[in-house]
Amino acid sequence: MKSIFLVLLLSTSSLFAQKAPFAAQSDLILDLSDSVLDGIFHHRLGFDRCAFERNVWLEGFGSYRQRQSTSERSRYHNWLTGILGGFNYAVSCDNYLNFFAGASWGEIDIRDEPPHFDTDSILFGMTWERLCENRFFGLAIAGGFLSQKRTFSGVFGSVKEEPQGVFITPELAYSCQFDCMCVHPIFSSSLRYAGFFAGDYQHRETLGTLYVKERSIQLLTLRGELAAPLPANCFYLEPYLGFAGRFQFDGNHIKGRLSLEEHSFSDGIDNSIGYGFLGFRASERCGCWDLQANFEGSYDTDCSWRTLGELTLNYVY
């Protein structure tokens, strides 16, 4: 009886020890959400715009994150890149709808946990944008299918780990331009949700294979920034800085089966992270063509730094 209890105790302890694969999934959800939605509004304050315009656009985006060895989530890095395309038109004066679709791919490389995860997704979504003099209101929603894959070969045989499921991320955005000082600063804020829902996959553990029954990740991000637009003829430059809070209210708890025993455990990771960021946006219009770019770097309270960027080409007709 004591030996059985010891085995169960060791099994459960091994689950607590391997935080990194579960923690990396939370970072991936956030990075994918930020990469897709950070540059999705095409009529935010400061950019040139035409009433009743219609345009088609193509965007490339990318993100890279590295967690240091002092992080509670262990040490790993992940990158992703992708492409989006869409159609944007005005339904009335200063009211715009935007429909888009695309895909992403990348990997998560965890220290002392070979091999890496390959990640890919199929994405689609829409936005509504409203301009009202010096104020902007935006509503965006994106979603699709997200898959992560890696294969292990060891003493317990081959394990194919494939957490895959539905990904969804809506956002509410607001910005206001102040008629003061020479640069007319723009304050922007957003509230963004990101969710990932997977289940029925295998995860390699120290004493065997954990069959994960339920795994969901849900995050809220509250973001505020201040920008200083610097227009110059057809070229527009907007440096900005700000702070954001990330609150994970689901995803630390995992249910699964290991060695014919049901287990329900927490990965022991802090639910809240704050991070500061610094970046710039740029735009240049030449006839019917409009090129927009965004680059941002950030550092968070759990010892990770990240860079992300988007480059968008618009054709107005």
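Keep in mind it's a predicted model, so treat the numbers as computed, not measured. (Residues numbered from 1 in each chain as written. Predicted model: local features only at pLDDT ≥ 70, side-chain atom pairs only at ≥ 80, totals over all residues. Heavy atoms only, no water.)

A look at the overall build of the chain
What the chain contains, in helices and strands, is two helices and 17 strands. By the burial criterion, 50% of the 317 residues in the chain qualify as buried. For the chain, contacts bridging at least 24 residues in sequence account for 66% of all contacts bridging at least 6. Carbon together with sulfur atoms contributes 65% to the accessible area of the chain, which is approximately 14200 Å² in total. (Helix = DSSP H or I, 4+ residues; strand = E, 2+ residues; numbered from the N terminus. Buried < 20%, exposed > 50% of the residue type's maximum accessible area, 1.4 Å probe, protein only. Contact = heavy atoms within 4.5 Å. Areas by Shrake-Rupley, 256 points an atom, 1.4 Å probe, with all protein chains shown as cover.)

Side note on the pattern of salt bridges
Scanning the model with the defined rule gives 16 salt bridges in all. As a salt-bridge pair, Arg 223 and Glu 296 come within 2.8 Å of each other at their nearest N and O atoms. Taken together, the positions of Arg 223 in strand β10 (residues 208-227) and Glu 296 in strand β16 (residues 289-300) put the pair 73 residues apart, joining distant regions of the chain. (Salt bridge = Lys/Arg side-chain N within 4 Å of Asp/Glu carboxyl O.)

What about unusual backbone geometry?
Phi at Asp 94 takes a positive value of approximately 70°, unusual for a residue other than glycine. When you line up the elements, Asp 94 lands in the loop between β2 (76-92) and β3 (95-110). Phi at Cys 303 takes a positive value of approximately 60°, unusual for a residue other than glycine. Of note, Cys 303 is situated in the loop between β16 and β17 (304-316).

What about the nonpolar core?
Membership of the largest hydrophobic core comes to 42 residues, with the highest contact counts inside it found for Ile 29, Val 36, Ile 40 and Leu 84. Per-element tally for this core: the top contributor is helix α2 (residues 20-37), with eight residues. With residues up to four places along the chain from it excluded, the contact list for Val 36 reads Phe 61, Leu 84, Phe 100, Leu 123 and Ala 142. (Core = buried A, V, L, I, M, F, W, Y, C linked by side-chain atoms within 4.5 Å.)

Quick notes on the packing of aromatic side chains
Tallied over the entire structure, the rule returns 11 aromatic pairs. An angle of 50° between the planes, with centres 6.3 Å apart, marks the rings of Trp 57 and Phe 100 as tilted. Here Trp 57, found in strand β1 (residues 54-67), pairs with Phe 100, found in strand β3; they are 43 residues apart in sequence, far enough to count as distant. Comparing Trp 57 with Phe 100 shows no difference in burial state: the two are buried. On the numbers, 6.5 Å between centres and 50° between planes, the contact of Tyr 275 with Phe 277 is tilted. On the accessibility criterion, Tyr 275 (5% relative accessible area) is buried. Members of the aromatic cluster, joined through ring pairs, are Tyr 240, Tyr 275 and Phe 277. Over the aromatic face of Phe 277 sits the side chain of Arg 223, whose NZ or CZ is 3.9 Å from the ring centroid. (Phe/Tyr/Trp six-rings, centres within 6.5 Å; stacked < 30°, edge-to-face > 60°. Lys NZ or Arg CZ within 6 Å of the ring centre and 35° of its normal.)

Focus on the environment of Glu 162
Assignment of secondary structure puts Glu 162 in the loop between β6 (157-161) and β7 (164-177). Here Glu 162 falls in the partly exposed class, since its relative accessible area comes to 23%. As for Glu 162 and Asp 118, which are separated by 44 residues in sequence, their C-alpha atoms are 9.5 Å apart. Those residues in contact with Glu 162 that sit more than four places away from it in its chain are Gln 148, Lys 149, Tyr 201 and Gln 202.

Topic: the confidence of the model for the chain
Here the chain averages 83 in pLDDT, while 80% of its residues score no lower than 70. Under a pLDDT of 50 for its full length, residues 1-17 has, in the predicted model, 16 contacts with residues more than four places off or in other chains. (pLDDT = per-residue confidence, 0-100.)

A short note on the side chain of Ser 283
Of note, Ser 283 is situated in strand β15 (residues 272-286). We classify Ser 283 as buried; its relative accessible area is 6%.

A word on the pairing of β17
Examined bridge by bridge, β1 and β17 share 13 bridges and lie antiparallel to one another. Bridging from a neighbouring strand, Ser 63 pairs with Leu 308 of β17. Pairing of β16 with β17, which is carried by 11 bridges, proceeds in the antiparallel orientation. Along β17, the bridge assignment pairs Phe 295 with Gly 309. The hairpin turn running from β16 into β17, its antiparallel successor, is three residues long, and Cys 303 in that turn takes a positive phi close to 60°. (Pairing = 2+ DSSP bridges.)

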